Amino acid sequence: MNRRLPPETILRSLVQVSAAPVTTVALGDRFSRELPEMAVRWRAEAAPDPRLLALNEPLADELGLDTAWLRTGEGLRFLVGADVPAGATPVAQAYSGHQFGGYVPRLGDGRALLLGELVDTEGHARDLHLKGSGRTPFARGGDGLAAAGPMLREYVTSESMHAMGIPTTRSLAVVATGRPVQRETVLPGALLARVASSHLRVGSFQYAAASGDVGLVRRLADHAIARHYPDAAAAEQPYLALFESVVAAQASLVARWMLVGFIHGVMNTDNTTISGETIDYGPCAFMEAYDPATVYSSIDHAGRYAYGNQPVVAQWNLARFAETLLALLSEDQQQAIDLAVESLGTFSRRYDEAWTAGMRDKLGLPADTADDVVRPLADDLLGQLQQSRVDYTSFFRGLGDAARGDAESARGLLTDLAAFDAWLARWRALSPDAETMDRVNPVYIPRNHLVEEALAAATEGDLRPLEQLLDVTSSPYQERPDSERYAAPAPADSGPYQTFCGT
């Protein structure tokens, strides 16, 4: 079935696009030029009173953007999509997706726009994307807007993930629009300027494949190879090499999530990137008490995207990606399926290798410690953490003290001391290194209660808690004096924690 946008929709949107003489920024339009069937030219809704809430100056510098200019009225108009550089072509991108396992053929950027592609100071192409910029033809009944709280949540969380070395989209700025947004209550509206190596998703390929146009799928795959995996172009089977590259990237990414206790919350196929970056921080959160069944999202009623399910879900999403590529892998359908199944089967091995290597470092073990030693040691420890409902982040950071000879703080968190003492003896016999542990076990993550505290204050106009949280989490592995509250889990009387998608 052809899922392309009707010509009248495209023509109607063309007349709405205008350009202002923003001469300080050059934005490319490669995506919309190469894949016009998957892009609708559109523009952001007017922001009546734009006001800067957060600006990521180091990221702006990486992009070659003048931070002083971004703070001016002209710069703010650029950040909200009101003024675009001459030659730029803002578009809403089309994609499909499996949402909680159910296929939706037409999703797309319902409240977002790709302003264009920047070339950063190292010569890499980066997407500049707006979130909360108003309704597009993909809005499906939504208002296209965003409240300040969810946009600031994405800013805090994505920048914390970046600071921990986890591949992620980045947050350039959050700008209050001056327009109220109706949710359960009336909230101040805001817009996020997001940066990514691209916004290609598994859902992008699902949209192209659903059109029945193999040529479109091939052009999309060629675009992805050129953008992210140029070595695949020289492979004997470039499209199989593309698939294998995405499998490897996603296996590594999800292993890193698991190692820091990150729960994405909405791992739909449209939130699974081709680049291997974390994207869309809606109902995300960091696990506190270790439990693989942990779910924070208010819309994940069955626990599909629970912490412990994330590797399985990632592989399921990659299977959906493989389905879109079959026509490119071989003219013989069975041979194409066999190739895809074989490559998909490497996910578990790649994930296990990445997770075990990461856990080896979290435990401070020598690099030559065998996987069959690391894995049972880690599994035993995690079972004890689950039994005692121990805070995951605090425990691993505190375990570094045990490597230095003081195990009392770690022992004090466990209920079965005999079992933990036996584990300690096995672990210490392997000569763990505390400095290795300190480099990978964060002191500071965006603690859920602190994020809520900062967002509540920001909604009332006080940005100081947000700025303090951003400052601390920008150096997650370095302990700071007088910052103990940022390292501590939520108070025992906080009650169950729940997150919301913000739409």
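Caption draft 1: View of the overall build of the protein. A tally of regular secondary structure across the protein gives 20 helices and 11 strands. Principal-axis analysis of the C-alpha atoms gives the protein an extent of 70 × 60 × 40 Å. Burial status across the protein gives 57% buried among its 503 residues. Excluding contacts between residues fewer than 6 apart, the proportion of contacts in the protein whose partners are at least 24 apart in sequence is 72%. Looking at the protein as shown, the accessible area adds up to about 19900 Å², and 51% of this sits on carbon and sulfur atoms. Taking the average location of the 44 positive side-chain charges in the protein and that of its 64 negative ones, the two points are 5 Å from each other.

Caption draft 2: Quick peek at the packing of aromatic side chains. For the coordinates displayed, the defined rule picks out 16 aromatic pairs. Residues Phe243 and Phe321 carry aromatic rings whose centres are separated by 5.7 Å and whose planes lie at 50° to one another, so their mutual orientation is tilted. Placement of the pair is Phe243 in helix 9 (residues 238–260) and Phe321 in helix 10 (residues 310–329), with a sequence separation of 78 residues. Here Phe321 falls in the buried class, since its relative accessible area comes to 0%. On the basis of an interplanar angle of 70° and a centroid distance of 5.5 Å, the ring pair of Tyr296 and Tyr497 is categorised as edge-to-face. Pair noted here: Tyr296 is in the loop between strand 11 (285–286) and helix 10 and Tyr497 is in the segment after helix 20 (484–487), with a separation of 201 residues, a long-range link. Relative accessible area serves as the criterion here: at 11%, Tyr296 is assigned to the buried category. Ring-pair connections join several aromatic residues into one group, and the members of that group are Tyr290, Tyr307, Tyr392, Phe395, Phe396, Phe420, Trp423 and Trp427.

Caption draft 3: A look at a negative patch on the surface. Among the surface-exposed residues, Glu244, Asp332, Asp338 and Glu342 lie close enough to one another that they form a single negatively charged patch. Position of Glu244 relative to the elements: it lies in helix 9.

Caption draft 4: Highlighting the pairing of strand 8 (residues 170–182). With 10 of 13 residues buried, strand 8 lies mostly within the body of the structure. Where strand 2 (residues 51–55) meets strand 8, four bridges bridge the pair, whose relative direction is antiparallel. Across the sheet, Ala54 pairs through a bridge with Val174, a residue of strand 8. Sheet topology places strand 8 next to strand 9 (residues 186–196); nine bridges connect them, and they run antiparallel. Note on strand 9: the bridge partner recorded for Ala176 is Ala190.

Caption draft 5: Up close: the environment of Ala357. Note that Ala357 resides in helix 12 (residues 346–362). Separated by 17 residues in sequence, Ala357 and Val374 place their C-alpha atoms 8.6 Å apart.

Caption draft 6: Looking closely at the side chain of Asn441. Assignment of secondary structure puts Asn441 in the loop between helix 17 (434–440) and helix 18 (448–459). Among all residues touching Asn441, those that are not within four sequence positions of it are Lys362, Phe396, Arg397 and Tyr477.

Caption draft 7: Up close: the pattern of salt bridges. This structure, assessed with the given rule, holds 35 salt bridges. Arg126 serves as the salt-bridge partner of Asp120, at 2.9 Å between the closest nitrogen and oxygen. Here Asp120 matches Arg126 in class, with each residue buried. Of the charged contacts, one joins Asp438 and Arg404 as a salt bridge, the two residues approaching to 2.5 Å between their closest N and O atoms.

Caption draft 8: Focus on the nonpolar core. Counting 126 residues, the largest nonpolar core has Leu79, Leu172, Phe321, Leu363, Phe395, Leu399 and Trp427 as its most contacted members. Top element by residues in this core is helix 9. It accounts for 16 residues. Once residues lying within four places of it in the same chain are set aside, the contact partners of Leu79 are Leu52, Leu70, Leu130, Leu172, Ala173, Val175, Leu191 and Ala193. Residues Leu152, Val443, Leu450 and Leu455 belong to the second largest nonpolar core, which totals 25 residues.

Caption draft 9: Inspection of the confidence of the model for the protein at higher detail. For the protein, mean pLDDT is 93; residues scoring 70 or higher make up 95% of the total. Contacts from residues 1–23, a stretch scored under 50 in pLDDT, to residues over four places away or in other chains number 44 contacts.

Definitions and limits used
Numbering of residues starts from 1 in every chain and runs along the sequence as written. Predicted model: local features are reported for residues with pLDDT of at least 70 only, side-chain atom pairs are reported and counted for 80 or more only, and whole-chain, interface and lining totals are derived from all residues. To obtain the side-chain values, all non-hydrogen atoms of the structure were used and water was disregarded. Secondary structure elements are taken from DSSP: a helix is a run of H or I of four residues or more, a strand is a run of E of two residues or more, and numbering for both begins at the N terminus. Each residue's exposure class comes from its accessible area (1.4 Å probe, protein chains only) as a fraction of the maximum for that residue type: buried when under 20%, exposed when over 50%, partly exposed otherwise. Residue contacts follow a heavy-atom distance rule, with two residues in contact if any of their heavy atoms lie within 4.5 Å. Per-residue and other accessible areas follow the Shrake-Rupley method at a 1.4 Å probe size, with only the shown protein chains counted as cover for residues. Positive charges come from Lys and Arg, negative ones from Asp and Glu, while His and the chain ends are left out of the count. Note on charges: their place is set at NZ of Lys, CZ of Arg, CG of Asp or CD of Glu. The aromatic pairing rule takes the rings of Phe, Tyr and Trp, using the six-membered ring of Trp, and pairs them if the centres are within 6.5 Å, calling planes under 30 degrees apart stacked, those over 60 edge-to-face and the rest tilted. By definition, no residue in a patch forms a salt bridge, and every one has over 30% relative accessible area; like charges are joined within 9 Å, nonpolar side chains (Val, Leu, Ile, Met, Phe, Trp, Tyr) within 5 Å. Only one rule defines a salt bridge in this text: a Lys or Arg side-chain nitrogen within 4 Å of an Asp or Glu carboxyl oxygen. When DSSP locates at least two bridges between a pair of strands, those strands are taken to pair. Here, the term nonpolar core denotes a set of buried Ala, Val, Leu, Ile, Met, Phe, Trp, Tyr and Cys residues that are joined through side-chain atoms within 4.5 Å. Residue-level confidence of the predictor is summarised by pLDDT, bounded by 0 at the bottom and 100 at the top.

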